[in-house]
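Here are the chains, one letter per residue:
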Amino acid sequence: MTIIVTGGAGFIGSNFIFHMLNKYPDYRIICLDCLTYAGNLSTLEPVMDNPNFRFVKESITDRAAVEKLFEEEHPDMVVNFAAESHVDRSIENPQVFLDTNIIGTSVLMDACRKYGIKRYHQVSTDEVYGDLPLDRPDMFFTETTPIHTSSPYSSSKAGADLLVLAYHRTYGLPVSISRCSNNYGPYHFPEKLIPLMIINALHDKPLPVYGEGLNVRDWLYVEDHCKAIDLVIHNGRVGEVYNIGGHNEMRNIDIVKLICKELGKPESLITYVTDRKGHDMRYAIDPTKIHDELGWLPETKFADGIKKTIKWYLDNESWWEPIVSGEYQNYYEKMYANR
Ligand code: NAD
Ligand code: TYD
């Protein structure tokens with residue numbers, strides 16, 4: 001089995017590559033990643049010498065490069081993680097989200113049509129469903145919840161999902177889609193809530209909570225997401241969407257307070273800042289379908305996962321220090337200086 005994993009130098013894609021190489025020692029895994037600000041080759045260092053692994057630095061939007069790779073590798077599957085993934089950046093500059101997330105997806109699927117494929121899997125997000133009201137804890141996203149996006153990021157992911165389903169219906173491409181809730185764990189880029197708060201707290205810097213911090217996200221340990229995708233690509237039905245989430249809803253403010261407690265830092269570091277434009281209130285996944293059809297259940301409880309994650313950031317400063325001391329400083333200044 002040969003699998004092209006796009007975006008494998010990012011957070012979830014790298015964790016997925018580690019999972020697959022470890023679980024399937026006879027599979028060949030090719031990482032296709034153009035190394036944007038969010039891609040980090042040092043993350044993949046532990047597998048670079050693995051004879052079953054190959055890294056290719058190209059963009060999924062580059063049709064010639066993608067076709068060349070298909071001709072060289074004859075992949076059985078493509079798992080597409082490659083994306084611009086940060087909502088705040090999408091609010092500042094939507095265009096690159098459309099290029100990578102929508103056009104890139106179409107380029108990959110065109111190559112799948114041209115050369116043949118057993119499975120094209122699209123890694124999507126619960127954000128395509130928009131948000132749920134805080135006062136309706138009985139409501140959850142199911143696979144039939146209408147697409148109703150809020151940000152340029154979620155709109156670009158929804159556009160890609162619709163295109164994937166269209167390629168299935170129109171051309172019979174054997175596709176699947178998974179829509180996961182917020183992930184956390186090792187190698188999470190420091191612009192996102194949990195790593196940003198851990199790293200700022202370690203530096204005794206203000207912890208910028210948007211609005212009142214009451215927004216709710218449904219957090220899943222990254223390994224549980226990787227295991228779910230593994231199940232979907234092997235056993236999931238073609239043409240289907242699977243929601244992935246572990247019923248772990250938390251308010252942002254409670255996460256930030258928990259990080260302060262775990263690190264022994266004062267809550268006085270918490271600073272309420274101007275809210276995100278169009279900020280989604282609550283995400284909450286109903287994972288009944290993937291549980292009933294594929295037997296998936298999350299294994300890591302949030303209380304354990306957050307401790308493991310904090311310990312990972314404490315033990316791996318050499319991974320994140322070069323990131324936060326580089327171009328990231330300009331990003332941080334721009335996004336947070338006058339917020
Ligand atoms: P990330 O930003 O950490 O990594 C994205 C990776 O894609 C990087 O390595 C980057 O270099 C690469 N990339 C970007 N544009 C590319 C292009 N044009 N060609 C090739 N590679 C390119 O993202 P992540 O958090 O690991 O998310 C991975 C996928 O999972 C995304 O599709 C995202 O929408 C989805 N997702 C993420 C979450 C989450 O909580 N992080 C939740 C649900 C779904
Ligand atoms: P984020 O990690 O960007 O994920 P997403 O927006 O895709 O859910 O943000 C998670 C939540 O944390 C979201 O409600 C926005 C909030 N947030 C802050 O309050 N402060 C921050 O500095 C960041 C990055 C996020």
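This structure is a prediction, so every number in the text was calculated from the model and none was measured. (Residues numbered from 1 in each chain as written. Chains lettered and ligands numbered in written order. Predicted model: local features only at pLDDT ≥ 70, side-chain atom pairs only at ≥ 80, totals over all residues. Heavy atoms only, no water.)

Within the structure, ligand 2 sits among 19 residues, and Glu 127, Arg 217, Arg 276, His 279 and Tyr 336 are positioned closest to it. Asn 182 places a side-chain nitrogen or oxygen 2.9 Å from an oxygen atom of ligand 2. Alone, ligand 2 offers 510 Å² of accessible surface; in the complex the protein occludes 97% of this. Counting residues per element, the ones that place at least two in the shell around ligand 2 are helix H6 (193-202) and strand S8 (207-210). Within the shell around ligand 2, the residues separate by chemical class into nine nonpolar, five polar and five charged. (Near = heavy atom within 4 Å. Polar contact = N/O pair within 3.5 Å; in protein donor to acceptor, adjacent residues only side chain to side chain. Areas by Shrake-Rupley, 256 points an atom, 1.4 Å probe, with all protein chains shown as cover. Helix = DSSP H or I, 4+ residues; strand = E, 2+ residues; numbered from the N terminus. Nonpolar A, V, L, I, M, F, W, Y, C, P; charged D, E, K, R; others polar.)

With that settled, consider the sheet that holds strand S4 (residues 77-80). Ordered by their spatial adjacency, seven strands build an open sheet running S3-S2-S1-S4-S5-S6-S11, and the pairing between neighbours is parallel. Sheet topology places strand S3 (53-56) and strand S11 (240-244) at the edges, where each strand pairs with a single neighbour. Strand-to-strand, the axes of this sheet are offset by a mean angle of 20 degrees, without reference to chain direction. Pairing analysis gives four bridges linking S4 to strand S5 (residues 119-125), with the strands arranged parallel. Bridge assignment links Val 79 to a residue of S5, and that residue is His 121. Lying over the sheet, helix H4 (residues 95-115) contacts strand S1 (2-6), strand S2 (28-32), S4 and S5, oriented at roughly 165 degrees with respect to S5. (Pairing = 2+ DSSP bridges. Axes fitted to C-alpha atoms, helices over the stretch in contact; angles between N-to-C directions. Contact = heavy atoms within 4.5 Å.)

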